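Take a look at the letters that make up each chain.
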Amino acid sequence: MAKADLHIHTTASDGHSTPQQIIKNAKKHNLDVISITDHDTIRGYRKAVTAAEETDITLLSGVEITADFNGRECHLLAYCFDPDHSVITQLLAQHYRSRLERGKWIVNELTKKGLDIDIEEVKAEANGSNIGRPHIASVLIDKGYVASFKEAFIRYLSDQSLGSIYNEYYSHHKVIEQVKEAGGAIVVAHPGNLYSEDELEELVEAGIDGIEFIHPSHDYDRQKQIEAFAEKHNLLKTGGSDFHGGDKEYQKFFGVVTINTKYVHRLIRLTDQRKALKV
């Protein structure tokens, strides 16, 4: 079976492996197709292009976009878009700024709770990458407030701990529209138990192309439920390891949590047709 992993993160966002290391690891695990889907940036994808060309691995353009869905965050995976299209460039530039502002807001909330933390420390931890909660967690660990990422999220960084998280992300409607404008396909990431049936129906109405049914957080029953939902609505089915590296919990999924490339072929057919209509 030809294998694909369409959900991978690198040091360009909150992953621990460089794009070049991802390509090397994909080759080691006999992956045929991959997509680097860093949070709100394609810098990792761009750095992986040359390395992928030196192998027989097919690298699809990808990004995990954070959108505003009825006042809360929603993660949407975009694939096979034109990475140089102006709408993608503008969207990701806006979301870079949004991530920085959100990071400042979270740091401010933590200081209200008596924690001595500064946004400059978080920016240093991110080292030029898009700021995410894992970078804030790293600072909390370094300063001795928590012992692990898990504790950091449970005590301070979960949606439950922070309440309604400030964000300036584009709406899910706008993200879907702009990814399609750039010739790409848009997929709901790791739905798990994040959405009710009605909310998934709302995303379908908004124009999503697919849904991620294979993911480490999905047990067999949930996977089958999502797959049935995708078939009911004739949606693309995607999946991957959501690999970040660094943690043994992530390491064990790479090369194992994969999808058959037959799902990739359908994805590519759709986006090829979409691009052809714009010529």
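To start, this report covers the structure provided alongside it. Keep in mind that what you see is a predicted model, and the values were worked out from it rather than measured. (Residues numbered from 1 in each chain as written. Predicted model: local features only at pLDDT ≥ 70, side-chain atom pairs only at ≥ 80, totals over all residues. Heavy atoms only, no water.)

1. Some points on the packing of helix α3 (residues 86-112) against helix α8 (residues 172-181)
As a packed pair, α3 and α8 sit with axes 9 Å apart at the nearest point and diverge in direction by 145°. Contact with α3, carried on its side by V87, I88, L91 and H95, involves V175, Q178, V179 and E181 of α8 and no other residues of that element. Residue composition of the contact of α3 with α8, grouped by class: 5 nonpolar, 2 polar and 1 charged. (Axes fitted to C-alpha atoms, helices over the stretch in contact; angles between N-to-C directions. Helix = DSSP H or I, 4+ residues; strand = E, 2+ residues; numbered from the N terminus. Contact = heavy atoms within 4.5 Å. Nonpolar A, V, L, I, M, F, W, Y, C, P; charged D, E, K, R; others polar.)

2. Things to note about the sheet that holds strand β3 (residues 58-60)
Across the sheet, 4 strands lie side by side as β3-β2-β1-β9; this open sheet has mixed pairing. Edge strands, defined here as strands with exactly one partner in the open sheet, are β3 and β9 (259-260). Examined bridge by bridge, strand β1 (residues 3-8) and strand β2 (residues 33-36) share 3 bridges and lie parallel to one another. By the bridge assignment for β2, I8 is matched with I36. Against the sheet, helix α2 (residues 43-53) makes contact with β2 and β3, and its axis sits at roughly 165° relative to β3, the strand it touches most. (Pairing = 2+ DSSP bridges.)

3. Brief notes about the pattern of salt bridges
Taken as a whole and assessed by the stated rule, the structure comprises 18 salt bridges. Among the salt bridges present, the one from R99 reaches D40, with a minimum N-O distance of 2.6 Å. Taken as a pair, R99 in helix α3 and D40 in the loop between β2 and α2 lie far apart in primary sequence, 59 residues in all. On the accessibility criterion, R99 (5% relative accessible area) is buried. Where E199 meets R72, a salt bridge forms, and the shortest distance between an N and an O atom there is 2.9 Å. A residue pair is termed long-range when its members are at least 10 positions apart, and E199 in helix α9 (residues 197-206) and R72 in strand β5 (residues 72-79) qualify at 127 residues. One salt-bridge network, in which partners are shared between bridges, spans K224, E227, E231 and K237. (Salt bridge = Lys/Arg side-chain N within 4 Å of Asp/Glu carboxyl O. Buried < 20%, exposed > 50% of the residue type's maximum accessible area, 1.4 Å probe, protein only.)

4. Quick word on the sheet that holds strand β8 (residues 236-239)
Overall, mixed pairing links the 5 strands, which are arranged β4-β5-β6-β7-β8 in an open sheet. Looking at strand neighbours, the two that pair on one side only are β4 (62-69) and β8, the edges of this open sheet. Geometrically, the sheet is characterised by an average inter-axis angle of 40° between neighbouring strands, direction not taken into account. Along the sheet, helix α10 (residues 220-232) makes contact with β7 (210-214) and β8, crossing β7 at roughly 155°.

5. Thoughts on the state of the cysteines
Every disulfide links exactly two cysteines, by a covalent bond between their sulfur atoms. The full count for this structure, using the stated rule, is 0 disulfides. Free cysteine: C80, not disulfide-bonded; nearest cysteine sulfur from C74 at 19 Å. The exposure class of C80 is buried, given its relative accessible area of 10%. (Disulfide = S-S within 2.5 Å.)

6. Things to note about a negative patch on the surface
A grouping of E197, D198, E202 and E205 is seen on the molecular surface, where their side chains present a negatively charged patch. Of note, D198 is situated in helix α9. Judged by relative accessible area, which is 61%, D198 ranks as exposed. (Patch = residues over 30% accessible without salt bridge, like charges linked within 9 Å, V, L, I, M, F, W, Y side chains within 5 Å. Areas by Shrake-Rupley, 256 points an atom, 1.4 Å probe, with all protein chains shown as cover. Lys, Arg positive; Asp, Glu negative; His and termini not counted. Charge placed at Lys NZ, Arg CZ, Asp CG, Glu CD.)

7. Some details on α2
Within the sequence span of α2, burial applies to G44, Y45, A48, A51 and A52. Summarising the axial view, the buried residues of α2 lie within an arc of 115°, below the 170-degree limit, and thus occupy one face. Among the exposed residues of α2, those pointing more than 90 degrees away from its buried face are K47 and E53. For α2, the secondary structure elements touched by its buried residues are α1 (19-28), β2, β3 and β4. (Arc of directions from axis to C-beta.)

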